[in-house]
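Chain and residue survey
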Amino acid sequence: MILRPTEGVRYSLVLPVFNEEAVLPLLLHRIEKLLSSLDAPAEAIFVDDGSRDTSSIVLEAKAKQDPRFKFIRLSRNFGHQIAITAGMDAASGDAIVVMDADLQDPPEVVLEMIGRWKEGYEIVQARRLTRDGESAFKKKTASIFYRLLGKLSSVDIPRDVGDFRLIDRKVLEAFREMPERDRFVRGMFAWLGFKQCEVTFHRPARAAGETKYPFFKMLRLAVNGVVSFSDAPLKLAIWAGATVSALAVVYGVYSFFAGLFSDSVVRGWTSTVVIVSFLCGLNMLLTGMVGLYVGRIYAEVKRRPLYVVAKKIGFAASAKATDHEQTRVA
Ligand code: UDP
Ligand code: MG
């Protein structure tokens, strides 16, 4: 059952690129094939997230030679989540697909996603059935993270779904109204709601090059995810603080009576040190937890633009700047 009219429809692809020169020739070839197999005109927006290799030269040349390919270069490395935001801000299609540049998100799946969009779905998530070429450690930590986030978060964030998804124009407009700095894009789409569905795929190893998500970047994304979508750490702080204080009172009462009625008690240096250091440690932990949130408030109130564009190629001159963007076209 086809609900959407296909007349006058346009598609946008958004691909964040960070030092991907090894994979670009193959990627451009596969994207070209995808564009010509689509049933409507499409643009492919490549966002160069401050690459230090030849990625930007290759992409810029491609954009100059083929009008379907568009190019945005950010002024430095702003990180994957911001790069895809920049690409989505610039997208003009009726359906927008975000996908990785390393061919871990197979272009063929896009056809299936578009099929679901035509059925009337407004967000089509791509769920990974398997993940090849990723370390056992990455798979395990990812699975723990998704499970933890599912428990803590107040919105239902789908498991095993990354940032490979199709969104309808309507959803994009709503997404643009979300100005938060620390972005956990997959959570933001879960929060938005709309008519969502899933397609599944087997995730291959990256076609070439190395992961641009080393452990610490992944950890930062995970902390962003938890802190953005859950206040459980704050509540944990309150409960942990209350429990430890209660235990300290019990132990205090015990030592008082033990001191009063027993003469075998040596006024303990050990217990004092243990208690003091334990409480100090706990205090620091809890202060740190509160600090996580305070830090975010600080980042939000600065109201800096999310990213700075250094160069844009292939876009109509009238494309106006969005709330996220600070246009300083070189
Ligand atoms: N990426 C980016 N900026 C970054 C890190 C990554 O634009 O700071 C891009 C990268 O080029 C790729 C996508 O984000 O297209 C996903 O990164 P990667 O494949 O390295 O992550 P993994 O699949 O290993 O989790
Ligand atoms: Mg990858």
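Whatever comes next refers back to the structure up there.
This section reports on the structure supplied with the text.

Cut-off values and rules
- Residues numbered from 1 in each chain as written.
- Chains lettered and ligands numbered in written order.
- Predicted model: local features only at pLDDT ≥ 70, side-chain atom pairs only at ≥ 80, totals over all residues.
- Heavy atoms only, no water.
- Helix = DSSP H or I, 4+ residues; strand = E, 2+ residues; numbered from the N terminus.
- Rg over C-alpha atoms; globule rule 2.2 N^0.38 Å.
- Buried < 20%, exposed > 50% of the residue type's maximum accessible area, 1.4 Å probe, protein only.
- Contact = heavy atoms within 4.5 Å.
- Areas by Shrake-Rupley, 256 points an atom, 1.4 Å probe, with all protein chains shown as cover.
- Lys, Arg positive; Asp, Glu negative; His and termini not counted.
- Charge placed at Lys NZ, Arg CZ, Asp CG, Glu CD.
- Phe/Tyr/Trp six-rings, centres within 6.5 Å; stacked < 30°, edge-to-face > 60°.
- Lys NZ or Arg CZ within 6 Å of the ring centre and 35° of its normal.
- 1 Å grid on protein atoms, 1.4 Å probe; cavity = no way out; pocket = protein on both sides within 12 Å on 5 of 7 lines; lining within 4 Å.
- Points joined across faces, edges and corners; volume = space filled by probe spheres on them.
- Near = heavy atom within 4 Å.
- Polar contact = N/O pair within 3.5 Å; in protein donor to acceptor, adjacent residues only side chain to side chain.
- Sits in = over half its atoms within 2 Å of the grid points.
- Nonpolar A, V, L, I, M, F, W, Y, C, P; charged D, E, K, R; others polar.
- Salt bridge = Lys/Arg side-chain N within 4 Å of Asp/Glu carboxyl O.
- Axes fitted to C-alpha atoms, helices over the stretch in contact; angles between N-to-C directions.
- Parallel < 35°, antiparallel > 145°, perpendicular 65-115°, else oblique.

Further remarks concern the overall build of the chain. A tally of regular secondary structure across the chain gives ten helices and nine strands. Over its C-alpha atoms the chain spans a radius of gyration of 25 Å, topping by over 25% the 20 Å that the globule rule assigns to 330 residues. Within the chain, the proportion of its 330 residues that are buried is 46%. Within the chain, contacts between residues at least 6 apart in sequence are counted, and of these 81% link residues at least 24 apart. For the chain, the exposed surface amounts to about 17,100 Å²; the carbon and sulfur share of it is 62%. Across the chain, 45 positive and 37 negative side-chain charges occur, with their mean positions spaced 3 Å apart.

Here we take up the environment of G50. As for its placement among the helices and strands, G50 is situated in the loop between β2 (42–48) and α2 (55–65). Between the C-alpha atoms of G50 and L166, which are 116 residues apart in sequence, the distance is 25 Å. G50 has contacts with F18, L74, R76 and N77, leaving out every residue within four places of it along the chain.

Bringing the packing of aromatic side chains into the picture now. Under the defined criterion, the tally for this structure stands at eight aromatic pairs. The interplanar angle of 75° and the centroid separation of 6.0 Å between the aromatic rings of Y11 and W117 together place this pair among those described as edge-to-face. With Y11 in strand β1 (residues 11–17) and W117 in helix α4 (residues 108–118), this residue pair connects regions lying 106 residues apart in the sequence. In this pair, the class of Y11 matches that of W117, namely buried. Ring geometry for F46 versus F69: centroids 5.9 Å apart, planes at 10°, classification stacked. Within this pair, whereas F46 is found in strand β2, its partner F69 is found in strand β3 (residues 69–74), the two being separated by 23 residues in sequence. For F69, a relative accessible area of 1% gives the class buried. Above the ring of Y121, the side-chain terminus of K195 is found at 5.4 Å from the ring centroid.

It is worth spelling out the layout of surface pockets at this point. Using a probe with the size of a water molecule, rolled over the atoms, empty space left in the structure can be pinpointed. Of the pockets and cavities examined, the largest pocket occupies roughly 1,000 Å³. As for the largest pocket, its lining consists of 49 residues, and the residues nearest its centre are K138, R186, Y213, M218 and L221. Going through the elements one at a time, β1, β5 (123–131), α5 (136–152), β6 (161–168), β7 (196–203), α8 (215–229) and α10 (269–302) are the ones with two or more residues in the lining of the largest pocket. By residue number, the principal contributor to the lining of the largest pocket is α8, which donates nine residues.

This brings us to the site of ligand 1. Close contacts around ligand 1 come from 19 residues, with E20, D49, D102, T211 and K212 the closest. Backbone polar atom of A101 to an oxygen atom of ligand 1: 2.9 Å apart, as the coordinates give it. Take T211: an N or O atom from its side chain is 2.5 Å from an oxygen atom of ligand 1. According to the grid-proximity analysis, the pocket containing ligand 1 is the largest pocket. Grouping the constituent residues of the shell around ligand 1 by class yields five nonpolar, five polar and nine charged.

So, on to the side chain of R183. Position of R183 relative to the elements: it lies in the loop between α6 (169–176) and α7 (185–192). One buried charged residue, R183, forms no salt bridge at all, with the nearest opposite charge on E180 at 5.7 Å. There is a polar contact of 3.3 Å between the side chain of R183 and the backbone oxygen of M178. In this structure R183 touches Q81, I82, T85, F175, M178, M188, L221, N224, L306 and H324, once residues within four positions along its chain are discounted.

Another aspect to go through is the packing of α5 against α8. Taken N-terminus to C-terminus, the directions of α5 and α8 make an angle of 10°; their axes are 10 Å apart at the nearest point. Regarding the angle of α5 to α8, the classification is roughly parallel. Packed against α5, whose contacting residues are F137, K138, T141, F145, L149 and L152, the element α8 presents F215, M218, A222, G225, V226 and F229 at the interface. When the residues that make up the contact of α5 with α8 are grouped by side-chain class, the tally is nine nonpolar, two polar and one charged.

Structurally, R169 is set in helix α6. Sequence-distant contacts of R169, that is, excluding residues within four places in its chain, are made with A91, S92, G93, D94, I96 and R176.

Attention now moves to the side chain of D49. Relative to the helices and strands, D49 resides in the loop between β2 and α2. For the buried D49, no salt bridge exists, and the shortest N-O distance to an oppositely charged side chain is 6.0 Å, to K217. In this structure the side chain of D49 is engaged in a polar contact, spanning 3.0 Å, whose partner is the backbone nitrogen of G79. Residues in contact with D49, not counting those within four places in the same chain, are V17, F18, L74, R76, N77, F78, G79, H80 and A83.

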